[in-house]
Amino acid sequence: MGRRQTYPTKELSRRSFLVLSAVAGGGLVLGLPNLNASADETSAQTPFEAYLRIAPDSSVTVLSAHVEMGQGIFSGIAALVAEELDADITQMHAVGASGNTRLYNNITMGGTMQETQGSSAMSSSFERYRRAGATARAMLVTAAARTWNVAEEEITVDAGVIAHPSGKSASFGELVEAAVRQPVPSDVKLKDPKDWRYIGSEKLRRLDAKAKSSGRQDYTIDIKLPDMLTAVVAHPPLFGAAVKSFDAAAAKRVKGVVDVVEISHGVAVLGQNMWAAIKGREALVVEWNNDKAEKRGSARLLQEYRDLAARPADALAVSRGDADLAMADAATTLEATYEFPFLAHAPMEPLNAIAHRLGDRLDLWGGFQMPDHYQKIAAKTADLPQDAVKLHVTMAGGAFGRRGTPDAQIVVEAIECAKAIGWRVPVKVQWTREDDITAGRYRPMCVHVLKAGLTQEGKVSAWKHRIVGQSILAGTQYEQYVQGGVDPSLTEGAADTPYGIPHFAVEVSNAKVGVPTLWWRAVGHSHNAYVMETMIDELAAAAGSDPIEFRIGLLAERPRHIQVLNLVAEKANWGKTLSAGRFRGVAVHETYGSVVAQVAEIVVDGDGGFRVDRVVCAIDCGLAVAPDQIRAQMEGGIGFGLGATLHSKITLSDGAVDQTNFDTYEVLRLSGMPKVEVHIVPLTSPSTGAGEASVPPIGPAVANALAAATGRRSRVLPLQPLS
Amino acid sequence: MKLLINEASHEFDADPEMPLLWVLRDLLGLTGTKFGCGAAQCGACTVHVDGVAVRACITTASSVEGQAITTIEGLNGKAAEAVQEAWMRLDVPQCGYCQSGQIMSAVALLTENATPGDADIDAAMDGNLCRCNTYHRIRAGIHEAVRIMER
Ligand code: FES
Ligand code: FES
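Criteria and thresholds
Residues numbered from 1 in each chain as written. Chains lettered and ligands numbered in written order. Predicted model: local features only at pLDDT ≥ 70, side-chain atom pairs only at ≥ 80, totals over all residues. Heavy atoms only, no water. Helix = DSSP H or I, 4+ residues; strand = E, 2+ residues; numbered from the N terminus. Buried < 20%, exposed > 50% of the residue type's maximum accessible area, 1.4 Å probe, protein only. Contact = heavy atoms within 4.5 Å. Pairing = 2+ DSSP bridges. Axes fitted to C-alpha atoms, helices over the stretch in contact; angles between N-to-C directions. pLDDT = per-residue confidence, 0-100. Buried area = accessible area lost by both parts, 1.4 Å probe. Salt bridge = Lys/Arg side-chain N within 4 Å of Asp/Glu carboxyl O. Polar contact = N/O pair within 3.5 Å; in protein donor to acceptor, adjacent residues only side chain to side chain. Nonpolar A, V, L, I, M, F, W, Y, C, P; charged D, E, K, R; others polar. Domains from an automatic or database assignment. Expected span 1.5 Å × (residues − 1).

A. Examining the overall build of chain A more closely. Tallying secondary structure elements over chain A gives 19 helices and 26 strands in all. On the principal axes, the C-alpha backbone points of chain A span a range of 80 × 70 × 50 Å. For chain A, with 723 residues in total, the buried portion stands at 66%. Sequence-distant contacts, at least 24 apart, represent 75% of the contacts inside chain A between residues at least 6 apart.

B. Up close: the sheet that holds strand 1 (residues 52-54) of chain A. All names here are of chain A. With mixed pairing, 3 strands are arranged side by side in an open sheet as 1-2-3. Of all the strands in the sheet, the pair left with one neighbour each is strand 1 and strand 3 (92-96). Strand-to-strand twist in this sheet, taken as the mean axis angle between neighbours without regard to direction, amounts to 25 degrees. Across 3 bridges, strand 1 lies against strand 2 (residues 60-64) in antiparallel orientation. Following the sheet pairing, Leu52 is matched in strand 2 by Val62. Against the sheet, helix 2 (residues 73-85) makes contact with strand 1, strand 2 and strand 3, and its axis sits at roughly 125 degrees relative to strand 2, the strand it touches most.

C. Up close: the confidence of the model for chain A. A residue-level look at chain A finds 93% of positions with pLDDT of 70 or above and a mean pLDDT of 91. Here residues 1-47 of chain A is a poorly scored stretch, pLDDT under 50, and it has 127 contacts once near neighbours within four places are set aside; other chains count.

D. Molecular detail of the sheet that holds strand 6 (residues 169-171) of chain A. All names here are of chain A. What the 3 strands build is an open sheet, ordered 4-5-6; its pairing is antiparallel. One side of each edge strand has no neighbouring strand; the edge strands of this open sheet are strand 4 (156-158) and strand 6. When the angles between neighbouring strand axes are averaged without regard to direction, this sheet yields 25 degrees. The sheet contact formed by strand 4 and strand 5 (residues 161-163) spans 3 bridges and is antiparallel. Following the sheet pairing, Val157 is matched in strand 5 by Ile162. Running over the sheet, helix 5 (residues 172-179) touches strand 4, strand 5 and strand 6 and is turned about 85 degrees from strand 6.

E. Examining the interface of chain A and chain B more closely. On the side of chain B, 51 residues touch chain A, which itself brings 59 residues to the contact. Summed over both partners, the interface of chain A with chain B comes to about 4,500 Å²; 55% of that surface belongs to carbon and sulfur atoms. If you sort the residues of chain A by the area they bury against chain B, Trp275(A), Met348(A) and Leu670(A) come out on top, with a joint share of 19%. Inspection of the region where chain A meets chain B yields 6 salt bridges. Across the pair Arg137(B) and Glu635(A) runs a salt bridge whose closest N-O atoms are separated by 2.8 Å. Taken together, the connections running from chain A to chain B amount to 31 residue pairs in polar contact (both at pLDDT 80 or more). Take the side of chain A that touches chain B: its biggest share by element is 9 residues, from helix 18 (residues 627-646) of chain A. Taken together, the residues of the side of chain A that touches chain B break down into 24 nonpolar, 17 polar and 18 charged.

F. Region of interest: the domain arrangement of chain A. Residue and element names in this part refer to chain A. Per the domain assignment, the segments of chain A are domain 1 (9-213), domain 2 (220-291 + 351-430) and domain 3 (298-343 + 442-710). If you average the C-alpha positions of domain 2 and of domain 3, the two centres end up 37 Å apart. Facing the 11 residues of domain 2 at the interface are 17 residues of domain 3. Three residues stand out in domain 2 for area buried against domain 3, namely Phe239, Phe400 and Pro406, and they jointly supply 59% of the buried area on that side. Along the contact surface separating domain 2 from domain 3 lie 0 salt bridges. Here domain 2 is connected to domain 3 by 3 residue pairs in polar contact (both at pLDDT 80 or more). In the side of domain 2 that touches domain 3, the residues fall into 6 nonpolar, 4 polar and 1 charged.

G. A look at helix 2 of chain A. Residue and element names in this part refer to chain A. Relative to the 18 Å expected for 13 residues at 1.5 Å per residue, helix 2 spans 18 Å between its end C-alpha atoms, a close match to the ideal helical length. Within helix 2, 13 of the 13 residues are buried, which leaves it mostly tucked inside the rest of the structure. Just past helix 2, the residue Asp86 takes up positive phi, approximately 55 degrees.

H. Structural view of the domain arrangement of chain B. Residues and elements named next belong to chain B. Taken domain by domain, chain B consists of domain 1 (2-71) and domain 2 (78-150). Between domain 1 and domain 2, the C-alpha centre-to-centre distance is 21 Å. The interface of domain 1 with domain 2 comprises 15 residues on the first partner and 10 residues on the second. For the pair domain 1 and domain 2, the summed buried surface comes to about 970 Å²; carbon and sulfur atoms form 56% of the total. Summed over the three residues of domain 1 that lose the most area to domain 2, namely Lys34, Cys42 and His48, the buried surface amounts to 37% of that side. The tally of links from domain 1 across to domain 2 stands at 0 salt bridges. Taken together, the links from domain 1 to domain 2 amount to 6 residue pairs in polar contact (both at pLDDT 80 or more).

I. View of the pattern of salt bridges. Applying the stated criterion across every chain, the model contains 53 salt bridges over all chains. Note that Asp13(B) and Lys255(A) form a salt bridge whose closest N and O atoms lie 3.7 Å from each other. Taken together, the residues span two chains, with Asp13(B) in the loop between strand 2 (8-11) and helix 1 (20-27) and Lys255(A) in the loop between helix 7 (249-253) and strand 9 (257-263). One salt bridge in this structure joins Glu294(A) and Arg296(A), with 2.8 Å as the shortest N-O distance. Note on accessibility: Glu294(A) and Arg296(A) belong to one class, buried. Beyond isolated ion pairs, a larger network of salt bridges with shared partners links Arg582(A), Glu601(A), Arg611(A), Asp613(A), Arg614(A), Lys675(A) and Glu677(A).

J. Local environment of the environment of Cys446(A). Residues and elements named next belong to chain A. Its location among the elements puts Cys446 in strand 18 (residues 446-454). By relative accessible area, Cys446 is classed as buried at 0%. Taking C-alpha positions, Cys446 is 8.5 Å from Leu302, a pair spaced 144 residues apart along the chain. Not counting residues within four places of it along the chain, the set of residues in contact with Cys446 comprises Tyr305, Tyr338, Glu339, Phe340, Val468, Gly469, Leu490 and His527.

Below, the structure is given as structure tokens:
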């Protein structure tokens, strides 16, 4: 998200530790009031209410600061705890932790919020959860030593069994009650990496594979509370429109419809089940006030963006050297305009949330990427103090950025529905796919204009890049990151290019459009990588150089980029001639600290079509805690990025979204999925995340392969058919 | 209305036009079958009706009276066991939300064709979207299930 900071490891461990000891000590040993920390704070039986809980049957449940939305973070965090606790991995479970900034703040993202984004969950968790595991282990050992009257040093812990050479042994569950009464050690020693059994192991598997292969995994949509009603909301057909009036008579006649209420975001139909609510919404008549609505269509917006790009920019994101002067001196210049559409996230589980108020307590369920922020907004909406709001962060059916909106709309809708019926019963707001596709929060539409110059010797000497798009962060809780009119989420991946270009400038013009935007997996990197990596490829061709050698020549101070490029070249047999009809392209990009290179191979058929047949992917993400999950993220991200590159777009006609469901908002299907081969650079440096880094390079790698096939450059996304 | 689901008879009162998906989920509590699009575009709601994969979101409850309906909860048999074992072995799911539907489609495919080629897999599985894009492992999982069945 363009605001990720890297803390030195020492600083990070100190911070995490202070948090841990304060809570462990405060919550239990000193008997201070409850900290609203755990998934169920009423069961305060264990030493680490905040981060892990050990049950009498020895099962260990980790409270994950980060929502599980498919990326595998529950399994990764459980492995961190198991490692230091010396648990058996089969004892481990994980659940989402509720909103609590102090306990679950995202250290990598600056530490001010609990959030799951920016591919930062592992780096934020690495010290925190290992320390939690080690501290729990130390207290179990102390408990054993006191119970058995032996020296602590003589006790071993292995695969969940605490043992003494005298033959005494116990499970975690047998000792946990005694363990919670032990003093919390002021410091614990973490394992030497050479002794790791789980961290970095190829054998680490997902904890949830079984539940998710049998239909037994519950998501928010599956939660049914007693007497709960399901709400379907009629949202305004134009962004910025508001309810003028509505007629609920026909809707109320639908069998199963219980009530129809107006809320800030539209009119909600509350039904005994989802079908009743859907039919009720169909029967509902709403008149909208479109005075303040956005009424421009895509063609007009595109023209306005192009006009903006032709005028002096609003702000300068970065400038070194003198790009204009160097451009004038260049032997060859290339100029190009790129167009990117709005994109929907379209997670498989349409958005939802449940609100239930009982007395002075409000319970909320949902797969939230920003729990503490949602909690704040919920408290305001319900007119309650923040600690009266209890969050249940559930398993999310995909998110990609969509489950963390600055205004917490889905939660506000649920609360307002429940409030409108006098808090009588719990209400679940469930969006349909049509709501999901048409209700906004898109990756911003962008136009990029770029001019680059080469010297006589084929060196890139000048680069001038102008980006036109909407700011995502302006007007949100992240406003402070917008500086001098530059929203880093619009320029990330361009302004911070790894290429050593002496005269370089990136400028921004901020379009003012009433279409709500949001961070979409890899955010600014998702379009900037396309521009950077296709233009570099064009320049390589203009210089008559091999695309990989050309890149390496510009990456003198970036050994990580060079390493992944060399690795991907070797694994893809880059130098080898391909069979007839087969072409390849390469791209390399750094996203939130992880560097990924990909070689895409396409097969061109007789009638102008092509398919992406194979992608070879190399990643440097620092220490690979769960290698197979990193592979899965690479595969999935490649498919996600490829679908957007080839198929997806949100367009508007007179302000109304043209797409409504997956028939019109097209995404990748199985037949379009290439074979993917992932190679992870073996490293011990701090983990830098894997959830997003494979998305940005796939578009340009495919586009570069297409250019190799046709000699033409594709600069309008999604890519058009060849003929 | 009366439906035969997972070898048990269920009686309930509902609008005959109510899609099977909502009968299963909201009236009978069989929530393994998921809602993804409501328009036969994503496959998340796939169930078997007399062994054939159908989209429960556009199948009215009244149209399947008297037929044998199988959901992910009632799935059994050689192909089902092989697919579910392969899914776990390869860690196919990510968010997992689409996977009931993926598994229902894969089992229907393998029940009909025990040795599908890639083109058969494309044809049988293209209606099942996965926004986590686990397609690479879904394909590998089906091949793995074939090997498991051949054991
Ligand atoms: S929910 Fe039935 S096909 Fe999508
Ligand atoms: S596993 Fe997430 S949608 Fe398929």
